[in-house]
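Fold and contact review
Each chain, letter by letter, is given below.
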Amino acid sequence: MLIAAELKNLLEPSQLADLDITWLAADQPTPKGDWVAIVPLLSRWVGGTQLKNLPNLRIVANCAVGYNNVDLVAAEMRKVLVTNTPGVLTEATADLTWALILATARRLIEGVELVRSGQWTGWHPEQLLGLELRGRILGLFGAGRIGQAVGRRAPPFGLRILYTARTPKPDFERETGAARVDPTRLLAESDIVSLHVPASPETKGIINGETLARMKRGAILINTSRGDLIREEALAMALERGHLGAAGLDVYTDEPAIHPRLLAAPRTVLLPHIGSATEETRRNMAAIAVANVQSVLSGKPPLTPVY
Ligand code: DGY
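Note that residues are indexed from 1 along each chain, following the sequence as it is written. Local features in this predicted model are restricted to residues whose pLDDT is 70 or higher, and side-chain atom pairs enter the listing and the counts only when it is 80 or higher, whereas totals over whole chains, interfaces and linings include all residues.

**Let's talk about the sheet that holds strand E5 (residues 81-83)**
DSSP bridges decide pairing: two strands pair if at least two such bridges lie between them. Helix and strand assignments follow DSSP, with helices taken as H or I runs no shorter than four residues and strands as E runs no shorter than two, numbered in order from the N terminus. A sheet is described by the order of its strands in space; here five strands give the open sequence E2-E1-E3-E4-E5, paired in parallel fashion. The open sheet is flanked by strand E2 (22-24) and E5, the only strands paired with a single partner. Strand-to-strand twist of the sheet, defined as the mean angle between neighbouring strand axes without regard to direction, takes the value 15 degrees. Sheet strands in contact with helix H11 (residues 279-297) are strand E3 (37-39), strand E4 (59-61) and E5, and its direction is about 160 degrees off that of E4. A fitted line through C-alpha atoms serves as each axis, taken over the contacting stretch for helices, and the angle formed by two N-to-C directions is quoted from 0 to 180°. A pair of residues counts as a contact when their C-beta atoms, built from backbone coordinates, are separated by no more than 7 Å.

Right, here's the structure in full:
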């Protein structure tokens, strides 16, 4: 089997028992050959060509909860199973989402830069005034596992919650007082909009010039899901115009490239896709990906199939 070489240090030898492994570094192209399983990173595209070059492949065990790097239609046509790593990264990603909410609302990066630059002249009553969270509205665009985990952290901060979802989430509503609304209302009423829908043809570019214009003046946009959801240039323009208060982003359309206008835009906190980057979570993600392979190769069903 092929495993992303970058996962080597996160896996125990016992987890790799009985597997014949070829380690595949991120900068190497996906090879042609008789491999029966691949554990790719989310940065590796596994599409029709790659699947054709691996004619014996039985499983793509993606080491991520998102799987927009895999062509599911091509995989299904070739009867190749696709699995992901749901559950284990929920809390780490929710924590990082909150780090971005607090960093944007309270202008942490500007504060750090002011101190580091040596320009800070001392306490001033109007210095770096931010957004008070109490009484504001957090809009969760999508309320799957991660969206709900973000929402569960909101009541102690005094935030009210709106959320969008295909189906109501009664337990989540009972627990947090959240209210389900349509996307138009969520965008219009939220002080902070946090994106928690997966990347798909339906969600590509959902945050664009038009939807940004529908957001409240001064609102904050947070994205720890996938960069494809946002039109980066439109977001940069909304920040430049001052319509949007701030943006906290962990993901981008064309990683590791970031649209130059967004890189230069004011009031952003830009992180390098570290939502799930805790030691425990990354070990758990690698373990689930390999366990999916072990299960399928031993004739059992995959543990966490995506379809
Ligand atoms: C995922 O698993 O999809 C995350 O983006 C990794 O951090």
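**A look at helix H5 (residues 145-152)**
Partly exposed residues are those falling between the two cut-offs: more than 12 but fewer than 20 other C-beta atoms within 10 Å of their own, whereas 20 or more means buried and 12 or fewer means exposed, with C-beta atoms placed from the backbone. Of all eight residues making up H5, six are buried, and the element is well covered by its neighbours. Residues of H5 that are buried include every one of Ile146, Gly147, Gln148, Ala149, Val150 and Gly151, and no others. The inward-facing, buried residues of H5 contact helix H3 (90-105), strand E6 (137-141), strand E7 (160-164), helix H6 (170-176) and strand E9 (192-195).

**Side note on the site of the ligand**
Residues are counted as near a molecule or strand when the C-beta atom, derived from backbone positions, lies within 6 Å of that molecule or strand. Every residue lining the ligand is accounted for by Leu42, Ala64, Val65, Gly66, Leu89, Gly275 and Ser276. Each residue gets one label: Ala, Val, Leu, Ile, Met, Phe, Trp, Tyr, Cys and Pro are nonpolar, Asp, Glu, Lys and Arg are charged, and the others, such as Gly, are polar. For the shell around the ligand, the class distribution of residues is four nonpolar, three polar and no charged.

**Details of the nonpolar core**
A set of buried Ala, Val, Leu, Ile, Met, Phe, Trp, Tyr and Cys residues, joined to one another through C-beta atoms within 7 Å, is what we call a nonpolar core. Formed by 83 residues in total, the largest nonpolar core has its most connected members in Ile38, Val39, Val60, Val193, Leu221, Leu235 and Leu244. Of the domains in this structure, domain 1 (2-88 + 278-297) and domain 2 (90-270) are the two that each give at least three residues to this core. Excluding residues within four positions of it along the chain, isoleucine 38 makes contact with Met1, Leu2, Val46, Leu54, Leu57 and Val60. By convention here, the domain bounds are inherited from an automatic or database domain assignment.

**So, unusual backbone geometry**
That bond from glutamate 255 to proline 256 is cis: its omega, 5 degrees, falls within 30 degrees of zero. Looking at where proline 256 falls in the secondary structure, it is placed in the loop between strand E11 (246-249) and helix H10 (260-264). One non-glycine residue, histidine 273, lies in positive phi territory at about 50 degrees. Here histidine 273 lies in the loop between strand E12 (268-270) and H11.

**What to know about the packing of H3 against H5**
For any two helices packed against each other, one specifies the crossing angle of their axes together with the interaxial distance. The interhelical angle for the contact between H3 and H5, taken along N-to-C directions, is 55 degrees, at an axis separation of 9 Å. The orientation of H3 with respect to H5, classified from their angle, is oblique. The hand of the H3/H5 crossing is right-handed. The residues of H5 that touch H3, namely those facing Thr90, Glu91, Thr93, Ala94, Thr97 and Trp98, are Arg145, Ile146, Ala149 and Val150. Across the contact of H3 with H5, the residue classes tally to five nonpolar, three polar and two charged. Roughly parallel refers to an angle under 35 degrees, roughly antiparallel to one over 145, roughly perpendicular to one between 65 and 115, and oblique to any angle outside these ranges. A clockwise turn of the near helix away from the far one marks a right-handed crossing, whereas an anticlockwise turn of less than a right angle marks a left-handed crossing.

**Brief notes about the pairing of strand E10 (residues 220-223)**
In E10, alternate side chains face the same way, and those of Ile220 and Ile222 on one face and Leu221 and Asn223 on the other are all buried. Here four bridges tie E9 to E10, and the two strands are oriented parallel to one another. The residue bridging valine 193 from the neighbouring strand is leucine 221, located in E10. Handedness is read with the strands pointing away from the viewer; a crossover is right-handed when the path from the first strand over the helix to the second is clockwise. You can see the chain leave E9, run along helix H8 (residues 209-214) and come back into E10, and the turn it takes is right-handed.

**Here we look at the domain arrangement of the protein**
If you check the domain split of the protein, you get domain 1 (2-88 + 278-297) and domain 2 (90-270). Domain 1 and domain 2 are separated by 31 Å when their C-alpha centres are compared. Each side of the interface is counted separately: domain 1 has seven residues, and domain 2 has eight residues.

**What about the environment of glutamine 127?**
Mapped onto the secondary structure, glutamine 127 falls in the loop between helix H4 (108-117) and E6. C-alpha separation for the pair glutamine 127 and methionine 237, spaced 110 residues apart in sequence, amounts to 25 Å.

**Regarding the sheet that holds E12**
Strand pairing within a sheet occurs via backbone hydrogen bonds; the two strands may be parallel or antiparallel. Strands sit in the order E8-E7-E6-E9-E10-E11-E12 across an open sheet of seven strands; the sheet is parallel. Among the strands making up the open sheet, the edge pair consists of strand E8 (179-180) and E12. Seen against the sheet, H3 touches E9, E10, E11 and E12 and runs at an angle of roughly 155 degrees to E11.

**Focus on the environment of leucine 51**
Along the chain, leucine 51 turns up in helix H1 (residues 48-53). Distance from leucine 51 to histidine 124, taken between C-alpha atoms, is 60 Å for residues 73 residues apart in sequence.

**A short note on the pairing of E9**
Residue alternation in E9 divides its side chains into two sets, Ile192 and Ser194 and Val193 and Leu195, and both sets are buried. By the bridge criterion, four bridges tie E6 to E9 in an arrangement that is parallel. Bridge pairing in E9 links leucine 140 to serine 194.

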